[in-house]
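Single-letter residue listing:
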There are 2 protein chains.
Amino acid sequence: MTVSKTAGVEAAKPARPPRKENGEGPDEVSALQLGELSELLGYSLKRAQLKVFEDFLNCVAPLQLTPAQFSVLLLLDRNPGRNQTEIANTLGILRPNFVSMLDGLESRDLCARMRSTNDRRSHILALTEKGRAVLARAKKLVASKHEARLNELLGPEGRAALLDMLAKIAREF
Amino acid sequence: MTVSKTAGVEAAKPARPPRKENGEGPDEVSALQLGELSELLGYSLKRAQLKVFEDFLNCVAPLQLTPAQFSVLLLLDRNPGRNQTEIANTLGILRPNFVSMLDGLESRDLCARMRSTNDRRSHILALTEKGRAVLARAKKLVASKHEARLNELLGPEGRAALLDMLAKIAREF
DNA sequence: GATAATTGTTATCCAATATATCAAATGCCG
DNA sequence: CGGCATTTGATATATTGGATAACAATTATC
């Protein structure tokens, strides 16, 4: 995203510049007042989440992995021998939606479904060689580019405190 | 959500209880290992955001307001005389999507569009009487039920620290 | 006055999320 | 054993949020 827009073919008419260089400064007319909005935790939470996901996508772009896909690969690596329902439930993904997600990963040869010998209903999920390799590269990108940047912004202790509180909310709220 | 499921009409067959009371304990087979996932800020961020939005919806359910709608009302109250583009931009909503959102609020008589006298292209947005009343009630519900619960979970200082870091991420990341 | 830009709008499109339903397989209990 | 409920993966489908393209009306700019 934020890539092409209308700048496709007939990009030959910057006759008059758009009057707004839109460099960095306040682009709005006079900067609206957020008011109580800045005290709404959910608002900042959502805004921050969008930013973090966007940065994640950028950092791991060469591997073409979304946050959700990355989380699946991580879980498969750490939990061998599990079936689709178990992995999906752990990630809060509904089973029907997890099917097409796995189709995508499997078609890229990042993971594989194998029929269980015990329970022939279920599919045991496993990373492929390529899946392990991609995951390893992704981990490095995330650590060196993504999480490093967050560390820089918040400081190690700030980042840890943030993570604790978020996990607590996700767990106990 | 999480309301009815299949328990609609023919809810007369608890012949054998589902074998899992599903009270509170670890429902999963043996609790998967999250591994590096618990260190991924984006993961906890998303999970926490979902929980917070869900609670917001519950708390403000009697008024039938989503977080996004609430944020619009807040912004309109604090920034009179603005047009659709300005409000939408401030909230990170794309103008085309903001149209139907406003249609919803306007059809419920919570806000109104008025053609500007200066610029007859733009619609000046304003809360109606009912809009102000609903916003006032919503604020009370959010403060007493929603944010109060977060305060209880994190403590006032924790909540403030969390808000600061989230705002910083949303602003500078 | 001609051309570009802006505003609100419509029409789409895509992704994420949610429910209902199904066939195959398994568990349970008399 | 035999029947019934449950589970698993899958399909179809609906809803929602978010994104782009295009348009008419209006305004800005040269």
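Residues numbered from 1 in each chain as written. Chains lettered and ligands numbered in written order. Predicted model: local features only at pLDDT ≥ 70, side-chain atom pairs only at ≥ 80, totals over all residues. Heavy atoms only, no water.

A.B. asks: A description of the interface of chain B and chain A should follow, citing residues and the corresponding values.
C.D. replies: Counting from both sides, the interface comprises 60 residues of chain B and, opposite them, 60 residues of chain A. Interface area, chain B with chain A, both sides summed: about 6000 Å², of which 69% is carbon and sulfur. On the chain B side of the contact with chain A, B:Leu32, B:Leu41 and B:Phe173 bury the most area, a combined 14% of that side's loss. Seen at the junction of chain B and chain A, the total is six salt bridges. Seen at the junction of chain B and chain A, the total is 19 residue pairs in polar contact (both at pLDDT 80 or more). Counting residues per element, the ones that place at least two in the side of chain B that touches chain A are α1 (41-59), α2 (67-78), α3 (84-91), α5 (129-154) and α6 (156-172) of chain B. Residues belonging to the side of chain B that touches chain A are distributed by class as follows: 29 nonpolar, 14 polar and 17 charged. (Contact = heavy atoms within 4.5 Å. Buried area = accessible area lost by both parts, 1.4 Å probe. Salt bridge = Lys/Arg side-chain N within 4 Å of Asp/Glu carboxyl O. Polar contact = N/O pair within 3.5 Å; in protein donor to acceptor, adjacent residues only side chain to side chain. Helix = DSSP H or I, 4+ residues; strand = E, 2+ residues; numbered from the N terminus. Nonpolar A, V, L, I, M, F, W, Y, C, P; charged D, E, K, R; others polar.)

A.B. asks: Run through the side chain of B:Gln84, naming residues and quoting values.
C.D. replies: Residue and element names in this part refer to chain B. Counting through the fold element by element, Gln84 comes out in helix α3. On the basis of relative accessible area, Gln84 is assigned to the buried category, the value being 14%. Within polar-contact distance, the side chain of Gln84 engages the side chain of Arg113 at 3.1 Å. (Buried < 20%, exposed > 50% of the residue type's maximum accessible area, 1.4 Å probe, protein only.)

A.B. asks: Quick one: what's the story with the side chain of B:Arg113, residue by residue and with numbers?
C.D. replies: Residues and elements named next belong to chain B. Among the secondary structure elements, Arg113 is positioned in strand β1 (residues 111-115). Of the polar contacts made by the side chain of Arg113, one reaches the side chain of Glu106; its length is 2.8 Å. Excluding residues within four positions of it along the chain, Arg113 makes contact with Gln84, Val99, Leu102, Asp103, Glu106, His123, Ile124 and Leu125.

A.B. asks: Give me the lowdown on the relation of the copies chain B and chain A, citing residues and values where you can.
C.D. replies: At an RMSD of 0.0 Å, chain B and chain A line up after a rotation of 180° and a shift of 0.0 Å along the axis. The superposition operator between the copies reduces to a two-fold rotation axis. Relative to the rotation axis, the closest C-alpha in chain B is found at B:Leu162, a distance of 3.1 Å. (Least-squares fit on C-alpha atoms with pLDDT ≥ 70 in both.)

A.B. asks: An account of the packing of aromatic side chains is needed here, citing residue identities and associated values.
C.D. replies: What the rule picks out here adds up to two aromatic pairs over all chains. Taking 5.4 Å as the distance between ring centres and 55° as the angle between the ring planes, the aromatic pair formed by A:Phe56 and A:Phe70 counts as tilted. Of this pair, A:Phe56 sits in helix α1 (residues 41-59) while A:Phe70 sits in helix α2 (residues 67-78), and the two are 14 residues apart along the sequence. Over the aromatic face of B:Phe173 sits the side chain of A:Arg149, whose NZ or CZ is 4.1 Å from the ring centroid. (Phe/Tyr/Trp six-rings, centres within 6.5 Å; stacked < 30°, edge-to-face > 60°. Lys NZ or Arg CZ within 6 Å of the ring centre and 35° of its normal.)

A.B. asks: So, the environment of A:Ala68: which residues are in play, and what are the values?
C.D. replies: Residues and elements named next belong to chain A. Mapped onto the elements of the fold, Ala68 is located in helix α2. Residue classification places Ala68 among the partly exposed residues on the basis of a relative accessible area of 33%. Remark: the alpha-carbon pair of Ala68 and Ile93, spanning 25 residues in sequence, is separated by 9.3 Å.

A.B. asks: An account of the environment of A:Ala143 is needed here, citing residue identities and associated values.
C.D. replies: By secondary structure assignment, the location of A:Ala143 is in helix α5 (residues 129-154). Along the chain, A:Ala143 and A:Cys59 lie 84 residues apart, while their C-alpha atoms are 9.6 Å from each other.

A.B. asks: Summarise the pattern of salt bridges; cite the residues concerned and give the values.
C.D. replies: Going through the model one piece at a time under the given rule, you end up with 22 salt bridges over all chains. For B:Glu86, the salt bridge identified is with B:Arg82, shortest N-O distance 3.3 Å. Each member of the pair, B:Glu86 as well as B:Arg82, carries the same accessibility label: buried. One salt bridge in this structure joins B:Arg171 and B:Glu172, with 2.7 Å as the shortest N-O distance. Salt bridges here are not isolated pairs; linked through shared partners, they connect A:Glu36, B:Arg78 and B:Lys139.

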